[in-house]
Amino acid sequence: MDENEESLVGYLSVIPDPRIERSRRHNLLDILVIAVCAVICGAEGWTDIEEFGHSKKDWLNEFLDLPSGIPSHDTFRRVFLILDPVVFQACFMEWIRSVNEKLFKKDIISIDGKTLRGSLDRANEKSALHLISAWSSNASVVMGQIKSEGKSNEITSVPELLKLLQIKGCIVTLDAMNCQKKTAEQIVNQGGDYLLCLKDNHTDMRRNVEDRFNEMDEKQKKTWRMDRYEITEKGHDRLETRSHTVIYKREEHGWGLIDLHGEWKDLSAVVRVESERVNLQTGLVSNESRYYITSMEDDAKTIAEAIRAHWNVENKLHWRLDVLMREDECRIRAGNSAENFAVLRHLALNLLTTEPTKKSIRRKQKAAGWDHNYLLQILFNNGKSKGF
């Protein structure tokens, strides 16, 4: 098997085996590669992975050692139960960084959490696993993930994930829960820009930002530098117009009540997004205003594109994990297995996404299951045809 340093398999090969030596009937690398291949093809659990291995045994024998044949589903379960998820995750992130570092420069990195509902274990009083993921808009891949002790602990977990990421020159977008002064400061200190949704967890600041926009709307003469950008989109029987207004900081006067004591590191602009949605079937019109704070000094169009890109973590990651890989239905939960299987899904999704043929993820999964050469292309392609 090709285990060069650039391949995913090369990175998997250096993961230390957590088993005691006398109990090792199967090579760890064989177990990991079979699991990744099986999940690429749609496997959802240990029995699926074993059956995949038996159905592909002759083909797998061509490039794996398989000293004791195909491992049983219990073997897969035991290995991933005790495999250190931190080490497995570190391997995943090192591979992502190694493939094409240039693609992650000037990137929009969206960070959001997701609860794996099927991992809830009431019998053992074990809460469902909550993972925080970082999504690259440039590459359309998961850059990394970290476990959080419940959604309420995202505030303390996000800074730990940021430490693992290379964000210099990038824009980091976060939801309102993670609109925190220390998080903003950390992003700037790591060389990135922040774009944070501002809601009622910062009641006074949100009110002051809203008042500033209302004041500017009423005045004929603009006393602050501003920029505007508007876009209209049609889809799902809906017509939506989004108007973006950006107010930039006046260096000589500061932010006044918005940031009276300068506690938000490098706060450069505040943003209002006014959305008007028209239901084309019923004619019903709805309006919504959202507010953001950012260290970006870009024009309104660039900021608007970054705001829109944040939703890719929901549409291109969480939706695919739930609908295509049925993550919420997965009942794997013992030991480290839920977290490790989540890494397997992310590995598989990244490989499927970056394979350059113009097929849906579902079609790629099916084709990989039918065509051995295509599966090898996914496994070893590293997305090079797309620059990934």
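This write-up is about the structure you can find in this document. (Residues numbered from 1 in each chain as written. Predicted model: local features only at pLDDT ≥ 70, side-chain atom pairs only at ≥ 80, totals over all residues. Heavy atoms only, no water.)

Two elements in contact, helix H12 (residues 337-354) and helix H13 (residues 361-370), have axes separated by 10 Å at closest approach and are oriented at 100 degrees. Taken together, H12 and H13 sit at an angle that is classed as roughly perpendicular. Contacts between H12 and H13 pair Leu349, Leu352 and Thr353 from the former with Ile361, Lys364 and Gln365 from the latter. For the contact of H12 with H13, the class distribution of residues is three nonpolar, two polar and one charged. (Axes fitted to C-alpha atoms, helices over the stretch in contact; angles between N-to-C directions. Helix = DSSP H or I, 4+ residues; strand = E, 2+ residues; numbered from the N terminus. Parallel < 35°, antiparallel > 145°, perpendicular 65-115°, else oblique. Contact = heavy atoms within 4.5 Å. Nonpolar A, V, L, I, M, F, W, Y, C, P; charged D, E, K, R; others polar.)

Burial in helix H3 (residues 46-55) covers these residues: Trp46, Ile49, Glu50, Phe52 and Gly53. The arc that holds the buried residues of H3, viewed along the axis, is 160 degrees, so those residues lie on one side. Counted as exposed and oriented over 90 degrees from the buried face of H3: Glu51 and Ser55. (Buried < 20%, exposed > 50% of the residue type's maximum accessible area, 1.4 Å probe, protein only. Arc of directions from axis to C-beta.)

Between two packed helices, both the angle of their axes relative to each other and the distance between the axes serve to describe the pair. One can describe the packing of helix H11 (residues 312-323) onto H12 by two numbers: an axis separation of 11 Å at closest approach and a directional angle of 115 degrees. Pair H11 / H12 crosses with right-handed handedness. Contact residues: Lys316, Leu317, Arg320 and Leu321 in H11; Arg345, His346, Leu349 and Thr353 in H12. In the contact of H11 with H12, the residues fall into three nonpolar, two polar and three charged. (Left-handed = near helix turned anticlockwise from the far one by under 90°.)

For the rest of this paragraph, the subject is the sheet that holds strand E9 (residues 285-294). Each strand in a sheet pairs with its neighbour through backbone hydrogen bonds, running either in the same direction (parallel) or in the opposite one (antiparallel). An order of E3-E2-E1-E4-E5-E9-E8-E7-E6 is seen for the nine strands of this open sheet, with the pairing classed as mixed. Looking along the sheet, the strands with just one partner apiece sit at the ends: strand E3 (141-148) and strand E6 (226-235). Mean inter-strand twist for the sheet, computed between neighbouring axes without regard to direction, equals 25 degrees. Inspection of the sheet shows strand E1 (residues 108-116) paired to strand E4 (residues 171-174) by three bridges, in the parallel sense. Its bridge partner being in E4, Ser110 is matched across the sheet by Thr173. Sheet contacts for helix H10 (residues 300-309): E1, E4, strand E5 (193-198), E6, strand E7 (238-248), strand E8 (269-279) and E9; angle to E7, the most-contacted strand, approximately 125 degrees. On top of the sheet, H12 reaches E1, strand E2 (129-136) and E3; it is set at about 170 degrees to E3, its chief contact. (Pairing = 2+ DSSP bridges.)

What follows covers the packing of aromatic side chains. For the structure shown, the criterion picks out six aromatic pairs. Measuring from centroid to centroid gives 5.1 Å for Trp46 and Phe341, while their planes differ by 75 degrees, and the two rings are edge-to-face. Of this pair, Trp46 sits in helix H3 while Phe341 sits in helix H12, and the two are 295 residues apart along the sequence. Here Phe341 falls in the buried class, since its relative accessible area comes to 1%. Aromatic side chains Phe80 and Phe88 sit 6.2 Å apart centroid to centroid with 50 degrees between the ring planes, which places their arrangement in the tilted category. (Phe/Tyr/Trp six-rings, centres within 6.5 Å; stacked < 30°, edge-to-face > 60°.)

Residues Glu251, Glu252, Asp266, Glu297, Asp298, Asp299 and Glu305 make up a contiguous surface patch of negative charge. With respect to the secondary-structure elements, Glu297 resides in the loop between E9 and H10. (Patch = residues over 30% accessible without salt bridge, like charges linked within 9 Å, V, L, I, M, F, W, Y side chains within 5 Å. Areas by Shrake-Rupley, 256 points an atom, 1.4 Å probe, with all protein chains shown as cover. Salt bridge = Lys/Arg side-chain N within 4 Å of Asp/Glu carboxyl O. Lys, Arg positive; Asp, Glu negative; His and termini not counted. Charge placed at Lys NZ, Arg CZ, Asp CG, Glu CD.)

Further remarks concern the pattern of salt bridges. Considering all chains together, one arrives at 24 salt bridges under this definition. Residue Arg277 is joined to Glu240 by a salt bridge in which the shortest nitrogen-to-oxygen separation is 3.3 Å. Here Glu240 lies in strand E7 and Arg277 lies in strand E8, a separation of 37 residues in the sequence. Look at Glu240 and you get buried, because its relative accessible area is 6%. What emerges from the salt-bridge pattern is a single network uniting Glu233, Glu240, Arg242, Arg277, Glu288, Arg290 and Arg308.

Attention now goes to the nonpolar core. Counting residues in each nonpolar core, the largest one holds 99 residues, and the members touching the most others are Leu12, Phe80 and Ile111. The biggest single contributor to this core is helix H2 (residues 28-40), with twelve residues. Excluding residues within four positions of it along the chain, Leu12 makes contact with Leu29, Leu32, Val33, Val36, Phe88 and Cys91. If you look at the next biggest cluster of nonpolar residues, it comprises 17 residues, including Cys197, Val246, Ile303 and Ile307. (Core = buried A, V, L, I, M, F, W, Y, C linked by side-chain atoms within 4.5 Å.)

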